[in-house]
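A look at the structure
Each chain is listed here by its residues.
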Amino acid sequence: MQLVNDAYLTLTPYVPGKPVTETERELGITGVIKLASNENALGPSPKAVEAMRAALAGVHDYPDGSAFYLKKALAESFAVTERHIIMGNGGDELIDAVIRACVRPGETLLYADPSFISYKLRAQQAGVGIRSVPLKEHRYDLPAMAKAVDATTKLVFIANPNNPTGTYVTATELDAFLTAIPNDVVVVLDEAYVEYVRAKDYPNSLPILKQRPRTMVLRTFSKAYGLAGVRVGYGVGDPDLVGYLERGRGPFNVGLLGQVAALAALADKDHVQRTVDNNTREMERVVPALRAMRCGGKPLEVTESQANFVMVDTHASGPKTFEALLKQGIIVRPLANYGLNTQVRITLGTPEQNDRMLAAMRRVLG
Ligand SMILES: *Cc1c(COP(=O)(O)O)cnc(C)c1O
């Protein structure tokens, strides 16, 4: 008998970066900076760290399986009830949960390509049928996606802003898309980077949730809130859908430290503001600096990003650029597994980190 389900035979594992300390050991250098996973360069909120410290002696207990206080705080901040909120072990767990809950045999999931790789990987793992629509000039092509919605389409993911391109869909574009597709299609608006968005025409998804029950907004504490290491994400949606996800969830899926950290981070508005301000200032400085560089006579292409990272096309091999930057002590993300062979994704860091990244890039390009 075959050991595993068919879907697992063809799965390719997510390739995480090596720990920074291991990279340092291999290269025989110190002070390596990681600008590869879109984490918060300023670190976690000091209040979140304090809350975790205070909770440490209690980790022999299971976490609160209902995440009572965290859900209450989130519900208040969105002016919804706790029944509208599902907590996840990172947003990633909820991507998996929605796919498993909603897509039945014969139904399909629609996503854009390239977009967040989890949509595809989790669907493949769940043995769910998938279809994708290519981006157009690195942006979601929502008119083409609306046309691609057919009788089998059950679930659509929209990463807004998109990872790995940093581009976004506007309120008008999203409205037109939602009007064009049937109301029984579940639409997930993945807003992992929403705090960083500067565009004035970015959609306000909360009113959409109220008008269109089969819509869910996904958010995370991993990015602007600086808590990627403790794995907390959440979804906001109709109590019907949330209720089903609650039934399928593991009883203690969000850890004790994650819950107290997220609660404290949510209240520390100053830390989020500092984070966003740093990102906005650095975006205005780093993007022109990268665009002023050339490779093989051609200026580097940098997409307009609304997130805390930029996608850079060096016109040379992305994996080679990644290797060369690594030797300079800068870890970025190569994007060949997204089919982007000449691009790398670079998370914006502190001003000092970005200066080192820019200097390293200049050296690498010669
Ligand atoms: C980072 C990210 C997430 C969620 O990450 P978690 O750490 O699992 O919360 C979801 N969607 C996108 C597009 C992301 O970049």
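Residues numbered from 1 in each chain as written. Predicted model: local features only at pLDDT ≥ 70, side-chain atom pairs only at ≥ 80, totals over all residues. Heavy atoms only, no water.

This paragraph deals with the pattern of salt bridges. Applying the stated criterion across every chain, the model contains 16 salt bridges. A salt bridge links Asp92 to Arg122; the shortest N-O distance between them is 2.9 Å. Pair noted here: Asp92 is in helix α5 (residues 91-102) and Arg122 is in helix α6 (residues 117-125), with a separation of 30 residues, a long-range link. With a relative accessible area of 24%, Arg122 lands in the partly exposed category. Residues joined in a network through salt bridges with shared partners are Lys71, Glu246 and Arg249. (Salt bridge = Lys/Arg side-chain N within 4 Å of Asp/Glu carboxyl O. Helix = DSSP H or I, 4+ residues; strand = E, 2+ residues; numbered from the N terminus. Buried < 20%, exposed > 50% of the residue type's maximum accessible area, 1.4 Å probe, protein only.)

With mixed pairing, seven strands are arranged side by side in an open sheet as β2-β8-β7-β6-β5-β3-β4. At either margin of the open sheet sits one strand with a lone partner, and together these are β2 (85-88) and β4 (129-134). The sheet shows a mean angle of 20 degrees between the axes of neighbouring strands, direction not considered. Examined bridge by bridge, strand β7 (residues 215-220) and strand β8 (residues 233-237) share five bridges and lie antiparallel to one another. Pairing of Arg219 across the sheet is with Tyr234, part of β8. (Pairing = 2+ DSSP bridges. Axes fitted to C-alpha atoms, helices over the stretch in contact; angles between N-to-C directions.)

The next subject is the sheet that holds strand β12 (residues 309-313). As summarised here, the arrangement of the four strands in space is β11-β12-β15-β14, forming an open sheet in which the pairing is antiparallel. Looking at strand neighbours, the two that pair on one side only are β11 (301-302) and β14 (333-334), the edges of this open sheet. Relative to strand β15 (residues 343-347), β12 runs antiparallel, the two sharing five bridges. Opposite Asp313, over in β15, you have Gln343 as the bridge partner.

Taken domain by domain, the chain holds domain 1 (6-31 + 270-365) and domain 2 (46-268). Opposite the 27 residues of domain 1 that make contact, domain 2 presents 26 residues. Approximately 2500 Å² of surface area, both sides summed, lies buried where domain 1 meets domain 2, with 62% of it carried by carbon and sulfur atoms. Our enumeration of links across domain 1 and domain 2 arrives at zero salt bridges. Of all the secondary structure elements, the ones that give two or more residues to the side of domain 1 that touches domain 2 are α1 (6-9), α12 (269-291), β12 and β15. It is α12 that provides the largest number of residues to the side of domain 1 that touches domain 2, a total of eight residues. Each residue belonging to the side of domain 1 that touches domain 2 can be placed in one class, and the counts come to 13 nonpolar, eleven polar and three charged. (Domains from an automatic or database assignment. Contact = heavy atoms within 4.5 Å. Buried area = accessible area lost by both parts, 1.4 Å probe. Nonpolar A, V, L, I, M, F, W, Y, C, P; charged D, E, K, R; others polar.)

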